[in-house]
Amino acid sequence: MDKKFIQFPKDFLWGASISAWQAEGNNYNSDFEKYFKAGKAANHYEMYEQDFDILQKLNLNAFRTSIEWSRIEPEEGKFNEKEIEHYRKYFSSLRKRGIKIFATLWHFSNPLWIEKIGGWENSKTIFYFKRFAEKMCFEFSDFVDFWITLNEPVVYVSKGDVFGEWPPFKKNFLLGISVISRMLYTHRIIYNHLKKCNYKVPIGISENLAYIKPKNKYNILDWFAFYFADYFYNRYFFSRIGGRMDFLGVNYYFSADISFPNKYDQIGEKESDLGWKIHPKGLYYVLKYVKKFNLPVYITENGVADKEDKIREWYIKEHLFWAHRAMQEGVNLKGYIHWALIDNIEFKDGKNARFGLVEVDYENNFKRKIRDSAYFYSKIVKEGGFYYP
């Protein structure tokens, strides 16, 4: 079979991502630290300059990170100026390297004082988070190129309020719906305030979307289960934003067959270290769905747990092929941000889930080692594409 060069636009953004709690370490004011114990995590808080040098070495021009609310406001109404200065230096370091900054205001974790009042179940959290967001815009709008208000609110609610695996460890679907509605409202009001702060910076949400289909296309109950799941996981949040988005952030990891009443069978020909099946073509279907919103799209997360680095090169190549196919069919995809730049803490799987383009040696002063797949990704970035198959 002849190889074809898959060419991406010259202004396409190529990046990598982390979240603050999962990578920074030494944060004891967070509810997620209370339950999942990251400790020093990947020590990104102290080693960010080295990590940004690696970004440059890999030719990447975009970086997605988060600002840890529990660091900035460890007590209600008391903003930590030392931590604000830390993030100012952090963003300045990215800026001087010419790297576009996607800053996420909330990536799952909350301050302990927010947990104490009931977290997102308490409507007061809307006010407190709005105040935090306004403060961050005031402090950092000169650095940030893209604001992401919330990361994967549906995943957070599913894990925390429906299945009880994350804080607040509830199993109440109706509660989950009320929390999602509250987070929707929060995004809408924050969007307005961020625009007043700096109207030039685009604002969006990152949501985890999955390609789902009925297990048996001739079974009406499987179709019922499919419509319910697809609506809740894929359509509910984006469809209710009410025009308050300048771009869509798409996180993609899964495809699944669903059968009645709520049984998922993952689709894919290979598996990650976590047993997640991998279906690159599902990204194409997800991107085709979001085309209807007529907005710029950025893939803000896409990656694989692969400690031995056996399939990450294949993973990147296949997902980019299907992303490019979606672009050819009219999807306004503007960038690809791989999860993750460095190994980090993956909640209950801890240090065992190695998503990093860069290996972190947790036993040897957090020494960084660039994986071969990272160099493969870097070559794609430098050449603006790759040969396929």
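Quick caveat, the model's predicted, so the values are computed rather than measured. (Residues numbered from 1 in each chain as written. Predicted model: local features only at pLDDT ≥ 70, side-chain atom pairs only at ≥ 80, totals over all residues. Heavy atoms only, no water.)

Draft legend 1. Just the packing of helix H12 (residues 312-328) against helix H13 (residues 372-383), in detail. Packing of H12 against H13 leaves a shortest axis separation of 8 Å and a crossing angle of 30 degrees. It follows from the interaxial angle that H12 and H13 lie roughly parallel. For H12 against H13, the interelement crossing comes out right-handed. Taken together, the residues of H13 that come into contact with H12 (itself represented by Arg312, Glu313, Ile316, Lys317 and Leu320) are Ser373, Phe376, Tyr377 and Ile380. In terms of residue class, the contact of H12 with H13 is made up of five nonpolar, one polar and three charged. (Axes fitted to C-alpha atoms, helices over the stretch in contact; angles between N-to-C directions. Helix = DSSP H or I, 4+ residues; strand = E, 2+ residues; numbered from the N terminus. Parallel < 35°, antiparallel > 145°, perpendicular 65-115°, else oblique. Left-handed = near helix turned anticlockwise from the far one by under 90°. Contact = heavy atoms within 4.5 Å. Nonpolar A, V, L, I, M, F, W, Y, C, P; charged D, E, K, R; others polar.)

Draft legend 2. Just the environment of Ala42, in detail. Here Ala42 is to be found in the loop between helix H2 (31-36) and helix H3 (44-57). According to the relative accessible area criterion, Ala42 is buried, its value standing at 0%. Once the C-alpha coordinates of Ala42 and Gly275 are considered, the two residues, 233 residues apart in sequence, prove to be 23 Å apart. (Buried < 20%, exposed > 50% of the residue type's maximum accessible area, 1.4 Å probe, protein only.)

Draft legend 3. Quick look at the packing of aromatic side chains. Counted by the stated rule, this structure contains 66 aromatic pairs. Both rings, one in Tyr35 and one in Phe169, keep their centres 4.9 Å apart while their planes meet at 75 degrees; by these two values the pair is edge-to-face. One end of the pair, Tyr35, is in helix H2; the other, Phe169, is in the loop between helix H8 (153-162) and helix H9 (173-197), and 134 residues separate them in sequence. For Tyr35, a relative accessible area of 34% translates into the label partly exposed. With relative accessibility at 35%, the residue Phe169 sits in the partly exposed group. The ring of Phe79 has Lys135 lying over it, and the distance from NZ or CZ to the ring centre is 5.5 Å. When the ring centre of Trp314 is taken as reference, the NZ or CZ atom of Lys270 above it lies at 4.2 Å. (Phe/Tyr/Trp six-rings, centres within 6.5 Å; stacked < 30°, edge-to-face > 60°. Lys NZ or Arg CZ within 6 Å of the ring centre and 35° of its normal.)

Draft legend 4. Expanded view of the pattern of salt bridges. Scanning the model with the defined rule gives 29 salt bridges in all. The salt bridge involving Glu165 is made with Lys159; its shortest N-O contact spans 3.1 Å. Asp246 is the salt-bridge partner of Lys195, the closest N and O atoms lying 2.9 Å from each other. Note that Lys195 is positioned in helix H9 and Asp246 in the loop between helix H10 (220-235) and strand S7 (247-259), a separation of 51 residues in sequence. Take Asp246: its relative accessible area is 22%, and that puts it in the partly exposed class. Several salt bridges converge on common partners, so that one network encompasses Glu81, Glu85, Arg88, Lys135 and Glu139. (Salt bridge = Lys/Arg side-chain N within 4 Å of Asp/Glu carboxyl O.)

Draft legend 5. Looking closely at the nonpolar core. Formed by 117 residues in total, the largest nonpolar core has its most connected members in Trp14, Ile67, Phe91, Phe140 and Trp147. With nine residues, the single largest contributor to this core is H9. Here Phe140 is in contact with Ile67, Ile84, Tyr87, Arg88, Phe91 and Trp147, once residues within four sequence places are set aside. (Core = buried A, V, L, I, M, F, W, Y, C linked by side-chain atoms within 4.5 Å.)

Draft legend 6. Representation of a nonpolar patch on the surface in the model. Together, Ile220, Leu221, Phe224 and Phe260 make up an exposed nonpolar region whose accessible area comes to about 450 Å². Positionally, Leu221 belongs in helix H10. (Patch = residues over 30% accessible without salt bridge, like charges linked within 9 Å, V, L, I, M, F, W, Y side chains within 5 Å. Areas by Shrake-Rupley, 256 points an atom, 1.4 Å probe, with all protein chains shown as cover.)

Draft legend 7. Quick peek at the state of the cysteines. Scanning the entire structure with this criterion turns up one disulfide. Between the sulfur atoms of Cys137 and its disulfide partner Cys197 the distance amounts to 2.2 Å. Handedness here is read from the sign of the S-S torsion; for Cys137 and Cys197, about -105 degrees, the answer is left-handed. Of this pair, Cys137 sits in helix H7 (residues 124-140) while Cys197 sits in helix H9; the two residues are 60 residues apart in sequence, bridging distant segments of the chain. (Disulfide = S-S within 2.5 Å.)

Draft legend 8. How the structure looks around the pairing of strand S11 (residues 297-301). For S11, the tally of buried residues reaches five of five residues, placing the bulk of the element in the interior. Pairing between S7 and S11: four bridges, direction parallel. Residue pairing across strands places Leu248 opposite Val297, the latter belonging to S11. Relative to strand S12 (residues 333-339), S11 is paired through three bridges, and the arrangement is parallel. (Pairing = 2+ DSSP bridges.)

Draft legend 9. The arrangement of helix H5 (residues 81-96) in detail. Along its 16 residues, H5 runs 22 Å from first to last C-alpha, staying within 8% of the 22 Å computed at 1.5 Å per residue. Among the structural elements, helix H1 (20-23), H3, strand S3 (62-66), helix H4 (69-72), strand S4 (100-104) and H7 are those in contact with the buried residues of H5. (Expected span 1.5 Å × (residues − 1).)

Draft legend 10. The packing of H5 against H7, seen in detail. Relative to each other, H5 and H7 sit at 50 degrees, their axes nearing to 11 Å. In terms of axis orientation, H5 runs oblique to H7. Seen from above, H5 lies across H7 with right-handed handedness. Residue-level inspection shows Glu81, Ile84, Tyr87, Arg88 and Phe91 of H5 in contact with H7, the latter providing Lys135, Glu139 and Phe140. The residue inventory of the contact of H5 with H7, partitioned by class, reads four nonpolar, no polar and four charged.

Honestly, that's just the spatial picture; any functional story needs more than this.
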